[in-house]
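Understanding the architecture of this molecule
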Amino acid sequence: MILKSHGAVRQNVDPSLAPGATPLRRSDVYFSADVETDGPIPGPFSMLSFAIVYAGRYDGERFERPKSYDQVFYRELSPISSDFQVDALKVNGLDRNRLTMEGDSPLQAMSDASTWIKNYSGGAYPVLVAYPLSFDWTWLYWYFTKYSKSGSPFDYSRCFDIKTAFAIKAGIPVAEAGRSHLPANLASTRKHTHHAVDDAIEQAEIFANVFEWEGVNGGDRRSKDLFT
């Protein structure tokens, strides 16, 4: 492979490549993630449960949708602080007192999750997907970085926001790209239950639908009709 740098031409020597050969491209392996928490931010508050579901792979040419969504990692965690918001617990229905006594330690759970993700990915790049990404990524990246023995399996930026992808393909503002705006052909048939496994699988189905969708009129974002 020939590289140019500051006007000079240099040879990037890779002894594993034959002369003139193109380096193999590593695929993305996608994991849909959902977290349930007792507050808005990690540190002062705690992640009480999370699920990670295999959601497909892409090699730059072909997207492979899972035949089923049975590759799941799920844990319930012991809280890391005494602070919590009652409204957050009402949403997810988790028993914080029970988790204080029975929940997995964050150190063990995040280390096990990182190992599971890396083993499942093999030589490919693991990428976290969520809808929207910001909340789940904030919590998981913080917990992986603080507690996992091997750090974040998604590095510091390997992530995919389904909401942004939908907005771009639909030709609408991000502010209008919430789940309630998804047309029937992109939405999941599953209910949003606020159980991490159910919601991660629901999200994985939406991700595959959006990824495979060609967009408005096959990518012409000038059209306003999402259903054509």
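Okay, so let's go over this structure.

How each quantity is defined
- Residues numbered from 1 in each chain as written.
- Predicted model: local features only at pLDDT ≥ 70, side-chain atom pairs only at ≥ 80, totals over all residues.
- Heavy atoms only, no water.
- Axes fitted to C-alpha atoms, helices over the stretch in contact; angles between N-to-C directions.
- Helix = DSSP H or I, 4+ residues; strand = E, 2+ residues; numbered from the N terminus.
- Parallel < 35°, antiparallel > 145°, perpendicular 65-115°, else oblique.
- Left-handed = near helix turned anticlockwise from the far one by under 90°.
- Contact = heavy atoms within 4.5 Å.
- Nonpolar A, V, L, I, M, F, W, Y, C, P; charged D, E, K, R; others polar.
- Buried < 20%, exposed > 50% of the residue type's maximum accessible area, 1.4 Å probe, protein only.
- Polar contact = N/O pair within 3.5 Å; in protein donor to acceptor, adjacent residues only side chain to side chain.
- Salt bridge = Lys/Arg side-chain N within 4 Å of Asp/Glu carboxyl O.
- Pairing = 2+ DSSP bridges.
- Phe/Tyr/Trp six-rings, centres within 6.5 Å; stacked < 30°, edge-to-face > 60°.
- Lys NZ or Arg CZ within 6 Å of the ring centre and 35° of its normal.

1. Looking at the packing of helix H5 (residues 162-170) against helix H6 (residues 196-212)
- Direction vectors running N to C along H5 and H6 enclose 30°, while the axes themselves pass 10 Å from each other. As far as their axial angle goes, H6 and H5 are roughly parallel. Between H5 and H6 the crossing geometry is left-handed. Listed contacts from H6 to Ile162, Ala165, Phe166 and Lys169 of H5 are Gln203, Ile206, Phe207, Val210, Phe211 and Glu212.
- A class-by-class count of the residues in the contact of H5 with H6 yields seven nonpolar, one polar and two charged.

2. Things to note about the side chain of Ser188
- When you line up the elements, Ser188 lands in the loop between H5 and H6.
- The class for Ser188 is buried, based on a relative accessible area of 15%.
- There is a polar contact of 3.0 Å between the side chain of Ser188 and the backbone nitrogen of Arg190.
- Side chain to side chain, Ser188 and Glu205 meet in a polar contact 2.5 Å long.
- Excluding its chain neighbours within four sequence positions, the residues that come into contact with Ser188 are Glu202, Glu205 and Ile206.

3. Points about the pattern of salt bridges
- Within the structure shown, the criterion is met by nine salt bridges.
- A salt bridge links Glu202 to Arg179; the nearest nitrogen and oxygen atoms lie 3.2 Å apart. Taken as a pair, Glu202 in helix H6 and Arg179 in the loop between H5 and H6 lie far apart in primary sequence, 23 residues in all.
- Of the charged contacts in the structure, one is a salt bridge between Glu205 and Arg190, with a shortest N-O distance of 2.9 Å. One end of the pair, Glu205, is in helix H6; the other, Arg190, is in the loop between H5 and H6, and 15 residues separate them in sequence.
- Here the residues in one salt-bridge network are Arg75, Asp104 and Asp112, joined through shared partners.

4. Notes on the pairing of strand E3 (residues 28-37)
- Burial of E3 is extensive: nine of the ten residues sit out of reach of the surface.
- Taken together, the ten bridges between E3 and strand E4 (residues 47-58) define a ladder with antiparallel strand orientation. Counted as the bridge partner of Ser32 is Val53 from E4.

5. Observations concerning the packing of aromatic side chains
- Summed over the entire model, instances satisfying the criterion amount to 26 aromatic pairs.
- Ring geometry for Tyr30 against Phe160: centres 6.2 Å apart, planes inclined by 70°, an arrangement best described as edge-to-face. Of this pair, Tyr30 sits in strand E3 while Phe160 sits in strand E8 (residues 159-161), and the two are 130 residues apart along the sequence.
- Residue classification places Tyr30 among the buried positions, given a relative accessible area of 3%.
- In this structure Phe160 comes out as partly exposed when scored by relative accessible area, which is 23%.
- These aromatic residues form a ring-pair network of at least three members: Phe31, Phe50, Tyr54, Phe73, Trp116, Tyr120, Phe144 and Phe154.
- Taking NZ or CZ as reference, Lys146 lies 5.8 Å from the ring centre of Tyr147, over its face.
- Above the face of the Phe211 ring, Lys169 is positioned so that its terminal group lies 6.0 Å from the ring centre.

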